[in-house]
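Structure at a glance
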Amino acid sequence: MRTLVREQQAGGVFFAGDDLGDVPAFEAVAELREQGLAALLVCAASTEQEALLPLADVVVDGPDGVLALLRTLAADARA
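Please read these numbers as outputs of a predicted model, since none were measured by experiment.

Quick look at the packing of aromatic side chains now. If you walk through the whole model with that rule in mind, you get one aromatic pair. Pairing F15 with F26 gives two aromatic rings, centres 5.7 Å apart and planes at 85°, and the pair type is edge-to-face. Here the residue F15 occupies a position in strand β1 (residues 12-17), and F26 occupies one in helix α2 (residues 23-34), the gap between them amounting to 11 residues. Overall, F15 belongs to the buried group, its relative accessible area being 16%.

Structural data, given as structure tokens:
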């Protein structure tokens, strides 16, 4: 995440994850946010894994919830 943000000169990050493998990315994004980067951490919750719940800014219902959130954000941006 740090390398991607630096290489892309990103002004912000939206990161969604759903399992233990996403914990390092969540932690990296949280560190980048502490350094001033705009960031939103989204947990695509499931009954199988709860490790991301305390790290997330927003919790949605699985991958469909992530898609619904993105659609809402896009609609709000167009309004």
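A regular strand carries its side chains on alternate faces of the sheet. For strand β2 (residues 38-45), the buried fraction is high: six of the eight residues fall into the buried class. Pairing between β1 and β2: six bridges, direction parallel. By the bridge assignment for β2, F15 is matched with L41. For the segment spanning β1, α2 and β2, crossover handedness is right-handed. Of the pairings in the sheet, the one linking β2 to strand β3 (residues 58-61) comprises four bridges and is parallel in character. Pairing of A45 across the sheet is with D61, part of β3.

What counts and what doesn't
Residues numbered from 1 in each chain as written. Predicted model: local features only at pLDDT ≥ 70, side-chain atom pairs only at ≥ 80, totals over all residues. Heavy atoms only, no water. Phe/Tyr/Trp six-rings, centres within 6.5 Å; stacked < 30°, edge-to-face > 60°. Helix = DSSP H or I, 4+ residues; strand = E, 2+ residues; numbered from the N terminus. Buried < 20%, exposed > 50% of the residue type's maximum accessible area, 1.4 Å probe, protein only. Pairing = 2+ DSSP bridges. Right-handed = clockwise from strand over helix to strand, strands pointing away.

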